[in-house]
Amino acid sequence: MTQTVPHRRTASRALLAAGLVASLALATGCAKSEDDNNASDKGSSSAANENAGQEVASPDGGKTCDIAAFGGEKVDLKSATVGFSQSEKEANPFRIAETASLKAEAKKRGVKLLTANAQSQFSKQISDVQDLISKGADLLVIAPLNSDGWEPVLRAAGAKHIPIVTVDRKINATACKDYVSFIGSDFVEQGKRAADQMIEATGGKGTIAILLGAAGNNVTTERTKGFEDRIKEKAPDLKVVFKQTGEFAREKGQQVTEQLIQSKPDITGIYAENDEMGLGAVNALKGAGKKAGDVKIVTVDGTRNAVQGIVDGWISGVIESNPRFGPLAFQTLDSFTKGDKVGQDIVIKDSAYTKDNAESDLSKAY
């Protein structure tokens, strides 16, 4: 890279912040892509689904960041290189849609995008991001596997004035200093809404199990807190009697549910902190000879298979967590690099699927 790159990165850093506020009403995108260099045509067309885009929940208010506060110089996003670090294996529809959305938006804007996939290994993700930096990334979009342990990346990025936006999960660092912005859902609120659906499905009575997400990130912690707090508040006769991690994976969710059925054969409901674990639970229930609706299942994500599960009677409700970050992430980067203010926390709106809308809204799922 030329000697002007550090300035570009510094500028990018600032531009990132500005983009957050400006990025408020944006989104589209969903597609399938497993490999760092290829995105499928199917994914690109899905990414253009106008009914599936992200929308910012609170356009105004909250802390902001700009170039002056973050440090850097303005830069034209089209002349910059953006690096995207995906955390998990793209067997999960959420990750497929997330990566595809970033690729589709980069292509649409004519921005050079470098990508890497950590394959669910945190040490690999750290080295992946360091490699993206060495390859000339001026701006970084990171979907973190864990919230802690990012110091090596933050030092490397800080030394070259590279702005960072995180999507879906937060890192434990200082906004507008170590990174510019976080874009994602209100995970505590997701947990509360899932609890409301569980209360409705069970009538507020019985015993429930929680299939926890992976340890070490804010999504699991906050989805659990929101759910448990709301159950205690609104349904004291609905008792959580089992909690175990399913690691956000279908196979693990199935294994844990098989153990659950053995130890708690009369369980009333299962709250799965993502769709993949919920679908694993469905497989376990089918294997145990249960019928659709015998055990009430509520999940979080909004994948097509889970929404179809509502139509088929196996799942009671799904709280959406929209993975189509491409348009909003790039709008944030664009605004920030132009010198505008952007939000430090950009919270998106999430819809929900129930028996009343699952069939009609199936096309919106990913």
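Residues numbered from 1 in each chain as written. Predicted model: local features only at pLDDT ≥ 70, side-chain atom pairs only at ≥ 80, totals over all residues. Heavy atoms only, no water.

A. Summary view of the overall build of the protein chain. When its secondary structure is counted, the protein chain shows 12 helices and 14 strands. When the 366 residues of the protein chain are sorted by exposure, 56% land in the buried category. Carbon and sulfur atoms provide 45% of the accessible area of the protein chain, an area that totals close to 14600 Å². (Helix = DSSP H or I, 4+ residues; strand = E, 2+ residues; numbered from the N terminus. Buried < 20%, exposed > 50% of the residue type's maximum accessible area, 1.4 Å probe, protein only. Areas by Shrake-Rupley, 256 points an atom, 1.4 Å probe, with all protein chains shown as cover.)

B. Layout of the packing of aromatic side chains. One pass over the full model with this rule turns up five aromatic pairs. Judged by centre distance (5.8 Å) and plane angle (80°), the ring pair of Phe 70 and Phe 336 falls under edge-to-face. Separated by 266 residues along the polypeptide, Phe 70 in helix α3 (residues 67-70) and Phe 336 in helix α12 (residues 326-338) bring together distant segments of the chain. We classify Phe 70 as buried; its relative accessible area is 8%. Judged by its relative accessible area of 0%, Phe 336 is buried. (Phe/Tyr/Trp six-rings, centres within 6.5 Å; stacked < 30°, edge-to-face > 60°.)

C. Representation of the pairing of strand β9 (residues 269-272) within the structure. On β9, burial covers both faces: Gly 269 and Tyr 271 on one face and Ile 270 and Ala 272 on the other are all buried. Across four bridges, the pairing between strand β7 (residues 206-212) and β9 is parallel. The residue bridging Ile 208 from the neighbouring strand is Gly 269, located in β9. With four bridges joining them, β9 and strand β10 (residues 296-301) adopt parallel strand pairing. Following the sheet pairing, Gly 269 is matched in β10 by Lys 296. Between β9 and its parallel partner β10, the chain crosses via helix α10 (residues 275-287), and the hand of that crossover is right-handed. (Pairing = 2+ DSSP bridges. Right-handed = clockwise from strand over helix to strand, strands pointing away.)

D. Representation of unusual backbone geometry in the model. With a phi angle near 55°, Gln 119 is a residue other than glycine that sits in the positive phi range. Secondary-structure assignment places Gln 119 in the loop between β3 (112-117) and α5 (122-134).

E. Up close: the nonpolar core. Residues Leu 140, Trp 150, Ile 164, Ile 270 and Ile 315 are the most contacted members of the largest nonpolar core, which totals 51 residues. With six residues, the single largest contributor to this core is α10. Apart from residues lying up to four places away in sequence, Leu 140 is in contact with Gly 83, Val 129, Leu 132, Ile 133, Ile 162, Pro 163, Ile 164 and Val 165. By size, the runner-up hydrophobic cluster in this structure holds 24 residues, among which are Ala 106, Val 141, Val 165 and Ile 348. (Core = buried A, V, L, I, M, F, W, Y, C linked by side-chain atoms within 4.5 Å. Contact = heavy atoms within 4.5 Å.)

F. Examining the side chain of Asp 168 more closely. Turning to its location among the elements, Asp 168 is positioned in the loop between β5 (164-167) and β6 (181-184). The class for Asp 168 is buried, based on a relative accessible area of 5%. A distance of 2.9 Å separates polar atoms of two side chains, one belonging to Asp 168 and the other to Arg 95. Those residues in contact with Asp 168, other than ones at most four positions away along the chain, are Phe 94, Arg 95, Glu 98, Phe 182, Ile 183, Gly 184, Phe 187, Val 219 and Phe 325. (Polar contact = N/O pair within 3.5 Å; in protein donor to acceptor, adjacent residues only side chain to side chain.)

G. Representation of the sheet that holds strand β2 (residues 81-86) within the structure. The strand order across the open sheet built from six strands is β3-β2-β4-β5-β6-β13, with neighbouring strands paired in parallel fashion. Sheet topology places β3 and β13 (345-347) at the edges, where each strand pairs with a single neighbour. Neighbour to neighbour, the strand axes of the sheet diverge by 20° on average, direction disregarded. Strand contacts of helix α4 (residues 93-109): β2, β3, β4 (139-142) and β5, with the helix running at about 175° to β2, the strand carrying the most contacts. The sheet contacts of α12 involve β2, β3, β4, β5, β6 and β13, and relative to β6 the element is tilted by about 155°. (Axes fitted to C-alpha atoms, helices over the stretch in contact; angles between N-to-C directions.)

H. Seen up close, the sheet that holds strand β8 (residues 238-245). Strand order in the open sheet formed by six strands is β8-β7-β9-β10-β11-β14, and the pairing between neighbours is mixed. A single partner strand is all that each edge strand has here, and the edge strands are β8 and β14 (352-353). As paired elements, β7 and β8 share seven bridges and run parallel to each other. Directly across from Leu 211, in β8, lies its bridge partner Gln 244.

I. The confidence of the model for the protein chain, seen in detail. On average, residues of the protein chain carry a pLDDT of 87, and 84% of them reach 70 or more. Across residues 1-51, where pLDDT falls below 50, the model places 198 contacts with residues more than four positions away in sequence or in other chains. (pLDDT = per-residue confidence, 0-100.)

J. Main features of the environment of Gly 62. Locating Gly 62 in the fold gives a position in the loop between α2 (41-47) and β1 (64-65). Relative accessible area serves as the criterion here: at 66%, Gly 62 is assigned to the exposed category. For the pair formed by Gly 62 and Asp 345, sequence separation is 283 residues and the distance between their alpha carbons is 7.6 Å.

K. Representation of the packing of α4 against α12. Between α4 and α12, the least distance of the axes is 8 Å, while the angle of their chain directions is 50°. For the element pair α4 / α12, the angle class is oblique. Handedness of the α4/α12 crossing: right-handed. Where α4 approaches α12, its residues Ser 101, Leu 102, Glu 105, Ala 106 and Arg 109 are matched on the opposing element by Gly 326, Pro 327, Ala 329, Phe 330, Gln 331 and Asp 334. In terms of residue class, the contact of α4 with α12 is built from five nonpolar, three polar and three charged. (Parallel < 35°, antiparallel > 145°, perpendicular 65-115°, else oblique. Left-handed = near helix turned anticlockwise from the far one by under 90°. Nonpolar A, V, L, I, M, F, W, Y, C, P; charged D, E, K, R; others polar.)

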